[in-house]
Amino acid sequence: MIRTVEPDPHVSAPVLAAYSYCEAVTGQQARNFAYGIRLLPTPKRRALSAVYAFARRVDDIGDGVLSPDVKVARLEDTRALITRVREGDVDEDETDPVAVALAHAGEQFPIPLGGLDELVDGVLMDVRGEVYETWDDLKVYCRCVAGAIGRVSLGVFGTEPGARGVERASEYADTLGLALQLTNILRDVREDALGGRTYLPADDLAKFGCSAGFGQPVPPPDSDFAGLIHFEVRRARTLFAEGYRLLPMLDRRSGACVAAMAGIYRRLLDRIEREPEAVLRGRVSLPGREKAYVAVRGLSGLDARHVSRRPVSRPVRRRS
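Residues numbered from 1 in each chain as written. Predicted model: local features only at pLDDT ≥ 70, side-chain atom pairs only at ≥ 80, totals over all residues. Heavy atoms only, no water.

Student: Residue-level account of unusual backbone geometry, with values.
Tutor: The backbone of Asp222 sits at a positive phi, close to 60°, despite the residue not being glycine. On the basis of relative accessible area, Asp222 is assigned to the exposed category, the value being 83%. (Buried < 20%, exposed > 50% of the residue type's maximum accessible area, 1.4 Å probe, protein only.)

Student: Report on the packing of aromatic side chains, specifying residues and quantitative values.
Tutor: Enumeration according to the criterion identifies six aromatic pairs in this entry. A connected cluster of aromatic rings, assembled from ring pairs, spans Tyr132, Tyr141 and Tyr199. (Phe/Tyr/Trp six-rings, centres within 6.5 Å; stacked < 30°, edge-to-face > 60°.)

Student: Lay out helix α1 (residues 13–29) with the relevant residues and their values.
Tutor: Helical geometry note: an α-helix holds 3.6 residues per turn, so side chains three or four residues apart project in the same direction. Between its first and last C-alpha, α1 extends 24 Å over 17 residues, near the 24 Å set by a 1.5 Å rise per residue. Three or more residues of α1 are buried, namely Val15, Leu16, Ala18, Tyr19, Cys22, Glu23, Val25 and Thr26. Each element contacted by the buried residues of α1 is listed here: α2 (33–37), α3 (42–63) and α5 (97–108). (Helix = DSSP H or I, 4+ residues; strand = E, 2+ residues; numbered from the N terminus. Expected span 1.5 Å × (residues − 1). Contact = heavy atoms within 4.5 Å.)

Student: An account of a negative patch on the surface is needed here, citing residue identities and associated values.
Tutor: Taken together, the side chains of Asp91, Glu92, Asp93 and Glu107 define an acidic patch exposed on the protein surface. Relative to the assigned elements, Asp93 resides in the loop between α4 (68–86) and α5. (Patch = residues over 30% accessible without salt bridge, like charges linked within 9 Å, V, L, I, M, F, W, Y side chains within 5 Å. Areas by Shrake-Rupley, 256 points an atom, 1.4 Å probe, with all protein chains shown as cover. Salt bridge = Lys/Arg side-chain N within 4 Å of Asp/Glu carboxyl O. Lys, Arg positive; Asp, Glu negative; His and termini not counted. Charge placed at Lys NZ, Arg CZ, Asp CG, Glu CD.)

Student: Account for the pattern of salt bridges, with residues named and values stated.
Tutor: Charged atoms that come close allow side chains of opposite charge to pair. Enumeration according to the criterion identifies 29 salt bridges in this entry. Between Asp117 and Arg79 there is a salt bridge, with its nearest N and O atoms 3.5 Å apart. In this pair, Asp117 is assigned in helix α6 (residues 114–128) and Arg79 in helix α4, connecting sequence segments 38 residues apart. When sorted by exposure, Asp117 lands in the same class as Arg79, which is buried. For the salt bridge of Arg86 with Asp117, the shortest nitrogen-to-oxygen distance reads 2.8 Å. Placement of Arg86 in helix α4 and of Asp117 in helix α6 is noted, with a sequence separation of 31 residues between them. On the basis of relative accessibility, which here comes to 15%, the residue Asp117 falls in the buried class.

See the structure below:
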């Protein structure tokens, strides 16, 4: 559970209340990310909670039951809020706690707010029902809804002065976001199918005989569903290995946060790899005690050191 916002003589009561709301949203709805965020010092934890609460609002619009036209209008309202935050046009006594918290976070940290615009763009792709023919097509979507959040989060984390290769930190944050999103896609294959969505690239589905989709709790007839999942798992692992190069560029607690969040998803990936058909029967998840263990490993730096020593895998050649 996310800790309650502590009193801070340098932050006004309305802003503290806004942060408290955002941390409550994060603790209740960010089942995986909350374990990493809680490892951060207070200012960074508050700022990331504000970013998450905004992202949650955008995602909820896209996932809701409103008509597409209403969704588009509401998404453009969130884009207008980003503009107001960017222009310093949000007062701390406004009634929208997410706006107040995000505006304060933007004053305290060099958050690249354009990444939040990209998130809106990605959810608009969902509203339009876009289908992705290739991995390159899907990467555009993943970069909008996850890679951009990685880059926004990097604005909160910051990088260590003199860190080697720091000029590529944003690229690694983006890649780690892609790894997390591809893991999400694999985990939610059945749930997305029931909602009328298919994210995995159409050419991958065709190569493994899965073009019929996942409307049933069993693989499509005569398909190599396990082969498909293992192929995508290997792709995700390559992205994780690349993205983990970010960790040595962060301070200890920011690195622990990222390692904890990514570590939980890597363990989800392990479970999916061991039992691919489980994703067709329901959402694969980790028990709370295992998430807590991963968070402790993240704070110790064990996972980061282990993964960062691995060579980056070469891209997996698709079967013909």
